[in-house]
Number of protein chains: 2
Amino acid sequence: MDKRQITLKDIAKELGLSPSTVSRALRNHPAISKETKGLVQNYALKHKYKPNTLALQLRTNRNNTIGVIVPEIVHYFFSTVLAGIQEEAEKGNYNLIICHSNENYEREVKSVETLLDARVCGILASQSKTTEEFSHFQDIVDNDVHLVFFDRICTGINTDKVVIDDYAGAYHAVEYLINSGCKQVAFLGSNPHLPIANNRRMGYEDALRKHNIPINKALMQVCDTVELAREIVPSMLKADTAPDAFFCINDEVAAHCLQIIKSTGFRVPQDISVCGFTNSDITEVTDPTLTSVDQHGFEMGKTAARLLINRIEGKEVKKGIVSKVIKTDLVVRNSTR
Amino acid sequence: MDKRQITLKDIAKELGLSPSTVSRALRNHPAISKETKGLVQNYALKHKYKPNTLALQLRTNRNNTIGVIVPEIVHYFFSTVLAGIQEEAEKGNYNLIICHSNENYEREVKSVETLLDARVCGILASQSKTTEEFSHFQDIVDNDVHLVFFDRICTGINTDKVVIDDYAGAYHAVEYLINSGCKQVAFLGSNPHLPIANNRRMGYEDALRKHNIPINKALMQVCDTVELAREIVPSMLKADTAPDAFFCINDEVAAHCLQIIKSTGFRVPQDISVCGFTNSDITEVTDPTLTSVDQHGFEMGKTAARLLINRIEGKEVKKGIVSKVIKTDLVVRNSTR
């Protein structure tokens, strides 16, 4: 923390200008005259004011800022992805600005505009559940701004992407449940039009097929929120073919499913096994602790950011699309046999 | 989702310009000539291309974007604050960009620069644990950009702030534990140089004083991470004056404290009560569920954003500093008697 670093105020005082004039001159603002800009920028250079940013401002119109668009923020997985992006951005000396689409198409379009207005040099994006029109992503590419999709990719746009192997993650988790003796494995899934939900469903079904277990639609439910779990799980437990295992699309549903099972008088895992997806922090505090599929969000964030930075710096020269797949791991705890 | 909305590409094609020229013309970029800007902006206006942003770009040099600086992002409380900020920003039709200081002073300084470079019209900030020098916050004010601090405020800067009543939150939680019959209430706290930690400690001590319970330093520990809890809690349980209640600085520590107590053979809450702070999502999935102090992060976010927007729009005319305090509530669940 170098206390001798000169501030905007010092420059303004020294040159008899207002701090905001100095700041705008440093940022090459159109409202400031060439003369003033030269005066301020030379003085700032001479006195090493914010050297990195300044050098950058002088070198290029674009700043060294990367933009990120995430659909959710009160969300363990996307938070860990952001942490991974941050680490890689820091390594490369890039600034990071994050926009939150809140699963809303209009917010997503606005976010693209906001990031282009901020003249970022690259964008990392994961699309909102409600997005069905993609020209705003095309605008990014048309603006010669590098774009990398992560997790929720948009297949219509010709750009790099980093995805998680949801199919294999689900397949191995369900196979683990079957090998531990479960015969009635329920799948609490999500909206099938989402690729990640669909891939996990296919992994679930293929694991059953491989072990010659008939696919029972009654055991497959769209149940991706705590509210839905409170409705659906009790009725599934009352059914004739009650599940002896629940494979859940996320850890929140799995944790509440586990509670509902216990409150109904069944034992976990002796009577019913429960498996989540994400391997979030709550897996350690449930009783029993929760078996879950680790998506390696931090690694996904690092991989996506590294790919983007390589594109920005011309280190990733591959002409076509680069598609990276993050492998998952089943983390076995005490909620499964 | 209007599919007939014209894209940047359409304008470029129509006017025989490159998409990036069109985009920069729309964003009033210095490198583009007045003539081209006029041509593009008139065409875009005529064909209703991104009307809001455009109108705004034409009206002012600053865009209608609010910047936020948060110290942590894989963190329930700050996520809920961000959600509250987002809701209020959407209501006011402001865009939001978020910077993550990651509890790092240099990142925080960079974040301020990044947001000023993005020409935001206001900034909401909560400072990093490692920040001891504040001229970067002063730069914001010097640039005539509105600044509102939330939660972790910087007393050195003369600007609006929104804080949580940590003292009262702790006081009432500890008094509740005492009234339920606990006589040896332990405080698992945080670094005392942090105002929020210090206020909670004072609330804890004053509640004991009011009920004529001597303050026992052995029951007050700096223990704000899961790792520290695993070290400290077992030894506290072995001590002669073992606690009959734990008041914890956050829910993660409380949830793991609860597990350690159970694994040691004590019953929660019959032998030992446990109370957390934040009222995060994990309070619902522990067994027993966790009593916690609700900080109302969402309300704090809304309040801070509303205050900032009122300043930006000249609706908050109060000359001096506006200081708002968010009240807390104790949410009683099954981990306390």
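Attention now moves to the overall build of chain A. Secondary structure assignment for chain A yields 12 helices and 12 strands. In summary, chain A has a C-alpha radius of gyration of 25 Å against a globular reference of 20 Å for 337 residues, an excess of more than 25%. Viewed in the frame of its principal axes, chain A has a C-alpha envelope of about 85 × 40 × 30 Å. The 337 residues of chain A split such that 58% are buried. Across chain A, the fraction of contacts at a sequence separation of at least 24, relative to all contacts at a separation of at least 6, is 70%. Carbon together with sulfur atoms contributes 51% to the accessible area of chain A, which is approximately 13500 Å² in total. If the 40 positive side-chain charges of chain A are averaged to one point and the 41 negative ones to another, these points end up 7 Å apart.

Further remarks concern the interface of chain A and chain B. Residue-level contacts link 66 residues of chain A with 68 residues of chain B. Carbon and sulfur atoms make up 52% of the area that chain A and chain B hide from each other, which totals about 6000 Å². The residue Lys262(B) makes a salt bridge to Asp287(A) at a minimum N-O spacing of 2.7 Å. If you look at where chain A meets chain B, you find nine residue pairs in polar contact (both at pLDDT 80 or more). Looking at the side of chain A that touches chain B, the elements that each hand over two or more residues are α1 (8-15), α2 (19-26), α4 (51-59), α5 (76-91), β2 (95-100), α6 (105-117), α7 (135-142) and α11 (251-263) of chain A. Partitioned by chemical class, the residues of the side of chain A that touches chain B number 22 nonpolar, 26 polar and 18 charged.

Our focus in this paragraph is the nonpolar core. What tends to happen in soluble globular proteins is that the nonpolar side chains get buried as a cluster. In terms of nonpolar packing, the biggest core is built from 54 residues, with Leu124(A), Phe150(A), Leu124(B) and Phe150(B) touching the most fellow members. Among all residues touching Leu124(B), those that are not within four sequence positions of it are Ile66(B), Gly67(B), Val68(B), Ile69(B), Ile85(B), Val148(B), Phe150(B), Ala304(B), Ala305(B) and Leu308(B).

In this structure, the amide linkage connecting Val268(B) to the following residue, Pro269(B), adopts the cis form with an omega of 5°. Inspection of the secondary structure puts Pro269(B) in the loop between α11 (251-263) and β9 (273-278). Across the junction of Asp287(B) and Pro288(B), the peptide omega takes the value 0°, indicating a cis bond. Within the fold, Pro288(B) resides in the loop between β9 and β10 (291-294). One non-glycine residue, Asn279(A), lies in the positive phi region at around 60°. Relative to the assigned elements, Asn279(A) resides in the loop between β9 (273-278) and β10 (291-294). Owing to a relative accessible area of 13%, Asn279(A) belongs among the buried residues under this scheme.

With that settled, the discussion passes to the pairing of strand β8 (residues 245-248) of chain A. Residues and elements named next belong to chain A. The two faces of β8 match: Ala-245 and Phe-247 on one face and Phe-246 and Cys-248 on the other face are all buried. Sheet topology note: the strand β6 (residues 185-189)/β8 ladder contains four bridges and is parallel. Each bridged residue has a counterpart across the sheet, and for Val-185 the counterpart in β8 is Ala-245. Sheet topology note: the β8/β9 ladder contains three bridges and is parallel.

If you rotate chain A by 180° and push it 0.1 Å along the axis, it lands on chain B with an RMSD of 0.2 Å. Here the copies are linked by what is in effect a two-fold axis. Here 100% of the interface residues in chain A have copies in chain B that are interface residues too; the copies meet face to matching face.

Residues and elements named next belong to chain B. Tallied over the entire structure, the rule returns 40 salt bridges over all chains. When the shortest N-O distance is used, the salt bridge between Lys-210 and Glu-175 registers 3.0 Å. Of this pair, Lys-210 sits in helix α9 (residues 195-210) while Glu-175 is found in helix α8 (residues 166-179), placing the two residues 35 residues apart along the sequence. Judged by relative accessible area, which is 51%, Lys-210 ranks as exposed.

For the rest of this paragraph, the subject is the pairing of β10(A). All names here are of chain A. Relative to β10, β9 runs parallel, the two sharing four bridges. Looking across to β10, one finds that Thr-278 is bridged to Asp-294. With three bridges joining them, β10 and strand β12 (residues 329-331) adopt antiparallel strand pairing. Residue pairing in the sheet places Ser-292 in a bridge with Val-331 of β12.

On to the packing of helix α1 (residues 8-15) of chain B against helix α3 (residues 34-46) of chain B. Packed helix pairs are characterised by how far apart their axes lie and by the angle those axes make with each other. Residues and elements named next belong to chain B. Closest axis-to-axis distance for the α1/α3 pair is 11 Å, and the angle between their directions is 125°. Relative to α3, the element α1 lies oblique. When the axes of α1 and α3 are compared, the crossing they make is right-handed. Contacts between α1 and α3 involve Ile-11, Glu-14 and Leu-15 on the former and, on the latter, Leu-39, Val-40, Tyr-43 and Ala-44.

On to the side chain of His136(B), then. Mapped onto the fold, His136(B) is located in helix α7 (residues 135-142). Leaving out residues up to four positions away in the same chain, His136(B) has contacts with Tyr105(B), Glu108(B), Val109(B), Val112(B) and Thr131(B).

Let us now look at the environment of Asp165(B). All names here are of chain B. Along the chain, Asp-165 turns up in the loop between β5 (160-164) and α8. Note on Asp-165: relative accessible area 18%, which makes it buried. Counting along the chain gives 132 residues from Asp-165 to Gly-297, while the straight-line C-alpha distance between them is 12 Å. The contacts of Asp-165, once residues within four sequence positions are left out, are Val-325, Ile-326, Lys-327 and Thr-328. In this structure the side chain of Asp-165 is engaged in a polar contact, spanning 3.2 Å, whose partner is the side chain of Lys-327.

So, how was this worked out
- Residues numbered from 1 in each chain as written.
- Chains lettered and ligands numbered in written order.
- Predicted model: local features only at pLDDT ≥ 70, side-chain atom pairs only at ≥ 80, totals over all residues.
- Heavy atoms only, no water.
- Helix = DSSP H or I, 4+ residues; strand = E, 2+ residues; numbered from the N terminus.
- Rg over C-alpha atoms; globule rule 2.2 N^0.38 Å.
- Buried < 20%, exposed > 50% of the residue type's maximum accessible area, 1.4 Å probe, protein only.
- Contact = heavy atoms within 4.5 Å.
- Areas by Shrake-Rupley, 256 points an atom, 1.4 Å probe, with all protein chains shown as cover.
- Lys, Arg positive; Asp, Glu negative; His and termini not counted.
- Charge placed at Lys NZ, Arg CZ, Asp CG, Glu CD.
- Buried area = accessible area lost by both parts, 1.4 Å probe.
- Salt bridge = Lys/Arg side-chain N within 4 Å of Asp/Glu carboxyl O.
- Polar contact = N/O pair within 3.5 Å; in protein donor to acceptor, adjacent residues only side chain to side chain.
- Nonpolar A, V, L, I, M, F, W, Y, C, P; charged D, E, K, R; others polar.
- Core = buried A, V, L, I, M, F, W, Y, C linked by side-chain atoms within 4.5 Å.
- Pairing = 2+ DSSP bridges.
- Least-squares fit on C-alpha atoms with pLDDT ≥ 70 in both.
- Axes fitted to C-alpha atoms, helices over the stretch in contact; angles between N-to-C directions.
- Parallel < 35°, antiparallel > 145°, perpendicular 65-115°, else oblique.
- Left-handed = near helix turned anticlockwise from the far one by under 90°.

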